[in-house]
Amino acid sequence: MVRKTLTWSLTTMLGLSMALTGCSSSTDNASPTTAPKESAKATEAATAQPAKKVTIKMMHLWPTGNSATQNKIVNDIIKEYQAANPNVTIEQEVLENEQYKNKMKVLSTSNALPDVGFTWAAGYMDPYVKGDMFAPLDDLLQGDLKDKFVKGTTDAYAFGGKTYGLPVELNIVPVYYNKALFAKYNLAPPKTYDEFKNIVKTLSSNGVAPIALGNKDRWTGSLWYMYLADRIGGPETLKKAIDRTGSFNDPGLVRAASEVAQLVDMNAFNKGFNGLGNDEGKAEFMNSKAAMYMMGTWELPNYTTNKDVPQAFKDQIGFFKFPTVDGGKGNMDSWVGGPGVGLFVANNSKVKEESKKFVSFFVSKWGEHAISEAGVIPATKVDTSKVKLPQMYIDLLNELNKASNITLFADVQMKPASAEVHLNMIQALFGKAVTPEAFAKNHEDALAKEAK
């Protein structure tokens, strides 16, 4: 799983220093020691070698197909860095989201991570940090990147007082909707969950898939569960269940699972959703076959700046906040989201220091490029008054500024074993293969076991 005008100060140390001293006189009365000194300096300059060639291996998760804008930004930054550092070559390996995660697991077994790569925060990072596979990056935060990040965005990448990743994105999750389809059936963005369910009923009864979902990837369905948990139980209920100051058997979390099951019964999602990947599910929305699509703000380029998406389609896309649930403890200004992927440097990299310089440069330039080209909210500071941005981008930034809470993605909050249980239970819940009560109990058992 991608921002005040950004003013960056990055000093790149390259090249050689050559001290050339001319003779002060052309007479034969020069000091007898002058010529040897000058000769030595000339010899030193003549025998100086070019900067050592360095190759940095980088792995990222923005393929040209479904992440064209981000992919272009990565390549532009690399070209800029290599132009300024001709001794450095950046070799890329590009994988889509799930392939990337699997490759990380494989490489970690032999501690063969790329020099530079991307990581998710919190629980996802835990085994890599404990395995001493990521290098601390606090020196960068105290150097060229000092005070550049939105306050709090690097916290989820910190363990034991050290920071092991630097986020490039800050995401929240809205519900995107097709204004043309809504207008066709006289529908308006919902303020309450009952209104939302009425929208689902209307669309479904007219043969339109209400919601696009590809739940083969599982975390996509988790977004729906998380919002229902937030709106019913309040923003702290799920967090407390995960950090073990609460329980997953909380009635609010059980009811949230029950509401998911009801949505499935209402045919709220496109056909075959549990066997489709996210890109396949998203295609239903992009082709106007489904009216709504819940996804992070990394999708904004498709509705604002992506030149490969027809402008007519972009013009008919809006967003709304997940509605409140009658009797629930949550409010509409509470969001699912948080910092997105962040850069890491492999601790055993043979080019660690050069990799850190590249990471510092990348973070700086990503903020500059993303705000002007991609419409993706960066983790670095943004002054929207000084940059021309698409209206949807501005609207979401304004929503972010007034957010009452941002709950980090559930599987990212959890440690790996519990996260896997969570994702499996999400797919089982959407597939009606587990009851809401069993869904909650399996979570509770996994979290309790991993906490021991």
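As shown above, the structure is provided for reference.
Residues numbered from 1 in each chain as written. Predicted model: local features only at pLDDT ≥ 70, side-chain atom pairs only at ≥ 80, totals over all residues. Heavy atoms only, no water.

Here the focus is the overall build of the protein chain. Each helix and strand in the protein chain was counted, giving 18 helices and 14 strands. The buried share of the protein chain, taken over its 452 residues, is 54%. (Helix = DSSP H or I, 4+ residues; strand = E, 2+ residues; numbered from the N terminus. Buried < 20%, exposed > 50% of the residue type's maximum accessible area, 1.4 Å probe, protein only.)

With that out of the way, let us pick up the packing of helix α7 (residues 193-205) against helix α10 (residues 251-265). The contact between α7 and α10 brings their axes to 11 Å, and the two run at 25°. Taken together, the axes of α7 and α10 lie roughly parallel to each other. Two packed elements cross with a definite hand, and for α7 against α10 that hand is right-handed. Between α7, through Y193, F196 and K197, and α10, the contact on the second element is made entirely by E259, Q262 and L263. A per-class count over the contact of α7 with α10 returns three nonpolar, one polar and two charged. (Axes fitted to C-alpha atoms, helices over the stretch in contact; angles between N-to-C directions. Parallel < 35°, antiparallel > 145°, perpendicular 65-115°, else oblique. Left-handed = near helix turned anticlockwise from the far one by under 90°. Contact = heavy atoms within 4.5 Å. Nonpolar A, V, L, I, M, F, W, Y, C, P; charged D, E, K, R; others polar.)

Here strand β11 (residues 317-320) shows two buried faces, one formed by I317 and F319 and the other by G318 and F320. Direction of pairing for strand β8 (residues 175-178) relative to β11: antiparallel, over a ladder of four bridges. Along β11, the bridge assignment pairs Y177 with G318. (Pairing = 2+ DSSP bridges.)

The next subject is α10. For α10, which comprises 15 residues, the first-to-last C-alpha distance of 21 Å matches the rise-based estimate of 21 Å (1.5 Å per residue) to within 8%. Taken together, the buried positions of α10 are G252, L253, V254, A256, A257, E259, V260, A261, L263 and V264. Those residues of α10 that are buried are in contact with α7, α8 (219-233), α9 (235-243), α17 (416-430) and α18 (436-451). (Expected span 1.5 Å × (residues − 1).)

What follows concerns the sheet that holds β8. The strand order β9-β10-β8-β11 describes an open sheet built from four strands, whose pairing is mixed. Either end of the sheet is taken by a strand with one partner, and the two such strands are β9 (209-211) and β11. Shown here is a sheet whose adjacent strand axes are inclined to one another by a mean of 25°, direction ignored. Across three bridges, β8 lies against strand β10 (residues 290-294) in antiparallel orientation.

For the rest of this paragraph, the subject is the pattern of salt bridges. One pass over the full model with this rule turns up 18 salt bridges. Its salt-bridge partner being K72, residue D76 comes within 2.7 Å of it at the nearest N-O pair. Taken together, the residues span about one helical turn, with D76 and K72 both in helix α2 (residues 68-84) at a distance of four residues. According to the relative accessible area criterion, K72 is partly exposed, its value standing at 46%. For R255, the salt bridge is made with E259, and the minimal N-O distance between the two is 3.6 Å. On the criterion of helical spacing, the pair formed by R255 and E259 is a turn pair, its members being four residues apart in helix α10. (Salt bridge = Lys/Arg side-chain N within 4 Å of Asp/Glu carboxyl O.)

For the rest of this paragraph, the subject is the packing of aromatic side chains. Applying the stated criterion across every chain yields a total of 35 aromatic pairs. Considering the side-chain rings of W224 and F322, the 6.0 Å spacing of their centres and the 70° angle between planes classify their relative orientation as edge-to-face. Linking W224 in helix α8 with F322 in the loop between β11 and β12 (334-339), this pair joins segments that are 98 residues apart in sequence. Comparing W224 with F322, the two get one shared label, buried. Look at Y227 and F322: their rings are 5.1 Å apart centre to centre, the planes differ by 5°, and that puts the pair in the stacked class. Of the two residues, Y227 is situated in helix α8 and F322 in the loop between β11 and β12; the sequence distance between them amounts to 95 residues. Using a relative accessible area of 1% as the deciding quantity, one classes Y227 as buried. (Phe/Tyr/Trp six-rings, centres within 6.5 Å; stacked < 30°, edge-to-face > 60°.)

Close contact between α8 and α10 brings their axes to 8 Å; oriented N to C, the two are set at 135°. One finds that α8 runs oblique with respect to α10. When you trace α8 past α10, the crossing you get is right-handed. Taken together, the residues of α10 that come into contact with α8 (itself represented by Y225, L228, A229 and I232) are G252, L253, R255, A256, A257, E259 and V260. Of the residues in the contact of α8 with α10, the class split is eight nonpolar, one polar and two charged.

Attention now goes to the environment of L181. Along the chain, L181 falls in helix α6 (residues 179-184). Of the residues examined, L181 reaches a relative accessible area of 13% and is grouped as buried. When the C-alpha atoms of L181 and A290 are compared, they prove to be 8.6 Å apart, with 109 residues separating the residues in sequence.

What follows deals with unusual backbone geometry. Although it is not a glycine, D132 adopts a positive phi angle of roughly 60°. Among the secondary structure elements, D132 is positioned in the loop between α4 (126-130) and α5 (138-141). Here K432, not a glycine, exhibits a phi torsion of approximately 60°, which is positive. By the element assignment, K432 lies in the loop between α17 and α18. Given a relative accessible area of 44%, K432 falls into the partly exposed group.

Of note, A121 is situated in the loop between β3 (116-119) and α4. The spatial distance from the C-alpha of A121 to the C-alpha of Y157 is 5.2 Å, given a sequence separation of 36 residues. Leave out the neighbours within four places in its chain, and A121 touches A156, Y157 and V412.

Next up on the list: the side chain of S108. Looking at where S108 falls in the secondary structure, it is placed in helix α3 (residues 97-109). The contact partners of S108, leaving out residues within four places of it in the chain, are L113, Y128 and M133.

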